[in-house]
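Structure at a glance
The primary structure of each chain is shown beneath.
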Amino acid sequence: MYDRILLTIVLFFITGCTGQGMATTMLPTAEAIPTTDCPLPLPVQLVIERNPTATLDEMAAAVHTGWAVLSTIHRVEIVPVPDSTLRGQSVLLVQWTGPLLTEASQAPSALSLLWRAGATWQQQTFCDTEQTLLDAQLSSGENGVELVVVVDRCVGTTSACPQLLLYQYVDALWVETWRSIDITAWQTAHGSVHFPHDGIATILVRSSSWYTAEADEVELAKQQIFHEANAGPHRWFSTVWQRHGDGYAPIARFTEPSAYNTLVEFIYALQAGGDTVAWVSSPWLIAQAREMGVAELPPTLVPILPEGEAGVASGPITVATDGQALIFSFIERGGRILVNEIASQPSRPH
């Protein structure tokens, strides 16, 4: 179902937003985000200097060999940017973490950009927080040569939170012009970042309801209906970001249909006096839900679902309170998931 939603979102907004003021603009003098340069380890610098005419794959192998002579404390990721050679500029990314200076200090972490400039390879390194490389895209267009790097800053956890870095190639150097971590609207709990078309003009970001930094009162109230652990269940959102100015701006946000989302919305509507009819297959279920005390359920209950994504998508969902277990079943109609039945049975003692 998510693939179908993804395709619909992309087709609608790529075709529908043309000419509505969101087109990319020329950025001849991009404003750089301040960064602190830090050098690559000497063995790796020597590898670059000794292989000036290497291909992208040859340079990736050479850098890997150069890193092998360093202490095993170093962590390194070497990622050739896909299709960068075909786009006219071979680019290699090296995300690395140096050795601990003292037991009380953090290991220095850096992102190095290696690129083929004419007949030689150049390199530029930015000190940064610890992160993991996820993806990268190179683009040559109206804005010149640009590089998007997707990293995961939730290092050491089981949930990814991708962030995006945008670089422009200005005066033979890479300049960081935008980073998503500075944008509150960028939400990526358990997230993923997709490039739905060739190039970097449009980005689709998927995220969950587990953590939303920019939640309004309504969203905060919905988050309190059930207890959401890291492992789930969650509601899921898709946000379309469009290249705009020096960076990106969100142009649309959608909630993915699921049984879990429907139940959250239905209970919230019952409690807040909202549109309950939109979430049920028949209006009489609203009166039944009120009679069964659904509107008075205490907050942060733990719902019981079948395992996996299918349970979140289709249910059924059991909500247990003192002495009673409510079992919600669902039906799909026209792409929407609706409450179709509410059953009650004695709950088992904890």
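Residues numbered from 1 in each chain as written. Predicted model: local features only at pLDDT ≥ 70, side-chain atom pairs only at ≥ 80, totals over all residues. Heavy atoms only, no water.

1. Some remarks on the packing of aromatic side chains
Counted by the stated rule, this structure contains ten aromatic pairs. A ring pair is formed by Phe226 and Tyr260, whose centres lie 5.8 Å apart and whose planes are at 35°; its orientation type is tilted. Within this pair, whereas Phe226 is found in the loop between helix H4 (217-223) and strand E12 (236-244), its partner Tyr260 is found in helix H5 (residues 259-272), the two being separated by 34 residues in sequence. Tyr260 matches Phe226 in its accessibility class, with the two residues each being buried. (Phe/Tyr/Trp six-rings, centres within 6.5 Å; stacked < 30°, edge-to-face > 60°. Helix = DSSP H or I, 4+ residues; strand = E, 2+ residues; numbered from the N terminus. Buried < 20%, exposed > 50% of the residue type's maximum accessible area, 1.4 Å probe, protein only.)

2. A short note on the pattern of salt bridges
Counting across every chain of the model gives five salt bridges. A salt bridge links Glu176 to Arg179; its shortest N-O distance comes to 2.4 Å. For Glu176, a relative accessible area of 2% gives the class buried. We classify Arg179 as buried; its relative accessible area is 15%. Arg235 serves as the salt-bridge partner of Glu219, at 2.6 Å between the closest nitrogen and oxygen. One end of the pair, Glu219, is in helix H4; the other, Arg235, is in the loop between H4 and E12, with 16 residues separating them in the sequence. This pair shows no difference in class: Glu219 is buried, exactly as Arg235 is. (Salt bridge = Lys/Arg side-chain N within 4 Å of Asp/Glu carboxyl O.)

3. Some remarks on the sheet that holds strand E13 (residues 247-255)
Here we have four strands laid out as an open sheet, ordered E10-E11-E12-E13, and antiparallel in their pairing. Taken across any chain shown, the strands that pair with only one partner, and hence form the sheet edges, are strand E10 (192-194) and E13. Adjacent strand axes in the sheet meet at a mean angle of 25°, parallel and antiparallel pairs treated alike. As judged from the seven bridges shared by strand E11 (residues 202-208) and E12, these two strands associate in the antiparallel manner. Within E12, the residue paired with Arg206 across the bridge is Ser238. (Pairing = 2+ DSSP bridges. Axes fitted to C-alpha atoms, helices over the stretch in contact; angles between N-to-C directions.)

4. Some thoughts on the pairing of strand E8 (residues 162-170)
Buried residues dominate E8, accounting for seven of its nine residues. One ladder, built from seven bridges, connects strand E7 (residues 144-152) with E8; its direction is antiparallel. Pairing of Asp152 across the sheet is with Pro162, part of E8. Where E8 lies against strand E9 (residues 173-179), six bridges are found, and the strand directions are antiparallel. Across the sheet, residue Tyr167 finds its bridge partner in E9, namely Glu176. Between E8 and the antiparallel strand that follows it, E9, lie two residues; Asp171 among them carries a positive phi value of about 55°.

5. Some details on the sheet that holds E7
The four strands lie next to each other as E6-E7-E8-E9, forming an open sheet whose pairing is antiparallel. At either end of the open sheet lies a strand with only one pairing partner, and these are strand E6 (132-141) and E9. Taken over all neighbouring pairs, the strand axes of this sheet differ in orientation by 25° on average, direction set aside. Note that E6 and E7 share nine bridges and pair antiparallel. The residue bridging Gln137 from the neighbouring strand is Val148, located in E7.

6. Topic: the side chain of Lys222
Inspection of the secondary structure puts Lys222 in helix H4. Lys222 sits in the buried class, given a relative accessible area of 12%. Only 3.0 Å separates the side chain of Lys222 from the side chain of Glu265, close enough to count as a polar contact. Those residues in contact with Lys222, other than ones at most four positions away along the chain, are Arg235, Val264, Glu265 and Tyr268. (Polar contact = N/O pair within 3.5 Å; in protein donor to acceptor, adjacent residues only side chain to side chain. Contact = heavy atoms within 4.5 Å.)

7. Description of the pairing of E11
The buried fraction of E11 amounts to seven of the seven residues, a majority that puts the element mostly inside the structure. Neither face of E11 is open: one carries Thr202, Leu204, Arg206 and Ser208, the other Ile203, Val205 and Ser207, and all of them are buried.

8. Comments concerning helix H2 (residues 42-50)
Where H2 is concerned, the buried positions are Val44, Val47 and Ile48. All buried residues of H2 project into a common sector of 95° when viewed along the axis, lining one side. Every exposed residue of H2 that faces more than 90 degrees away from the buried side is listed here: Leu42, Glu49 and Arg50. (Arc of directions from axis to C-beta.)

9. Remarks on helix H3 (residues 56-68)
If you check H3, its first and last C-alpha atoms are 19 Å apart, about what 13 residues at 1.5 Å a residue would give, namely 18 Å. Inspection of H3 places Leu56, Met59, Ala60, Ala62, Val63, Gly66 and Trp67 among the buried residues, and these make up the whole buried set. Buried residues of H3, viewed axially, fall in a sector of 165°; they line one side. Exposed residues on H3 whose side chains face more than 90 degrees from its buried face are Asp57, His64, Thr65 and Ala68. (Expected span 1.5 Å × (residues − 1).)

None of the figures reported here should be taken as evidence of function without further support.
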